Amino acid sequence: DGEWIRYILLLGGESRLALNQSLVSAHPTNDEVWGNHGDHLMDIGRRDDALAAYRKASQYDPEDGEWKNKIRVLSRDVTSHWQAEVNRLEPIVRAGGADDETWGDYGDALLGVGRRTEACGAYATASNLDPADSEWQGGLVKCQPLATLEASFQSNQYDDELAGNIGDGYATQGDWDTAM
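Residues numbered from 1 in each chain as written. Predicted model: local features only at pLDDT ≥ 70, side-chain atom pairs only at ≥ 80, totals over all residues. Heavy atoms only, no water.

Colleague: How should the overall build of the protein chain be read in this particular structure?
Modeller: For the protein chain, the count of helices and strands is 12 helices and 0 strands. Seen in sequence order, the protein chain has helices and strands lined up from the N terminus as α-α-α-α-α-α-α-α-α-α-α-α. Residues counted as buried form 43% of the 180 residues belonging to the protein chain. Across the protein chain, every contact between residues at least 6 apart in sequence was considered, and the portion connecting residues at least 24 apart equals 42%. Carbon and sulfur atoms make up 49% of the accessible area of the protein chain, which totals about 9,300 Å². (Helix = DSSP H or I, 4+ residues; strand = E, 2+ residues; numbered from the N terminus. Buried < 20%, exposed > 50% of the residue type's maximum accessible area, 1.4 Å probe, protein only. Contact = heavy atoms within 4.5 Å. Areas by Shrake-Rupley, 256 points an atom, 1.4 Å probe, with all protein chains shown as cover.)

Given below as structure tokens:
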């Protein structure tokens, strides 16, 4: 599964765009295909099309915080969205019994409103509940200082997830131009 994603990332320009469009046609309900298409559209500066692709990805996997986050960043409605998510999720996690997905979404929301220390705690709880879920490890990566993330990216510039984490970090600081 990961091999075809790495192959797509190595392609550039029109070849990658054509392949992504073929994959979207062949797998129209696959959120990852739509999300990868959105990532490439962002890479080539087609922001509105990327937003539409992320909305499609979210339509097919509405629980995936990655698509929600990218939609919010592109919509520039980050703070109000994340505050609404904090308000929605906080009572659930405080009541106890929240699963790893809820804790991870709560971490995303806390990070989105700048409550970094609490977000890191939420990601740690999610990771403890499901240590095999790499999404929570990625959340913990977001807790690292931006300078550390950027240094890591210099040695691995094909790591889209790391690039996304750096963009998320800038977005939570309100630096939209650097985030994109």
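Colleague: Could you clarify how one ought to interpret the packing of helix 4 (residues 47-60) against helix 5 (residues 65-75) in this entry?
Modeller: Helix-helix packing is characterised by the crossing angle of the two axes and by the distance between the axes. Two numbers describe how helix 4 lies on helix 5: the axes approach to 9 Å, and their chain directions differ by 150°. Between helix 4 and helix 5, the angle falls in the class roughly antiparallel. Seen from above, helix 4 lies across helix 5 with left-handed handedness. Taking contact as the criterion, the partners of Arg47, Ala50, Leu51, Tyr54, Arg55, Ala57 and Ser58 in helix 4 are, on helix 5, Trp67, Lys68, Lys70, Ile71, Val73, Leu74 and Ser75. The class makeup of the residues in the contact of helix 4 with helix 5 is 8 nonpolar, 2 polar and 4 charged. (Axes fitted to C-alpha atoms, helices over the stretch in contact; angles between N-to-C directions. Parallel < 35°, antiparallel > 145°, perpendicular 65-115°, else oblique. Left-handed = near helix turned anticlockwise from the far one by under 90°. Nonpolar A, V, L, I, M, F, W, Y, C, P; charged D, E, K, R; others polar.)

None of the figures reported here should be taken as evidence of function without further support.
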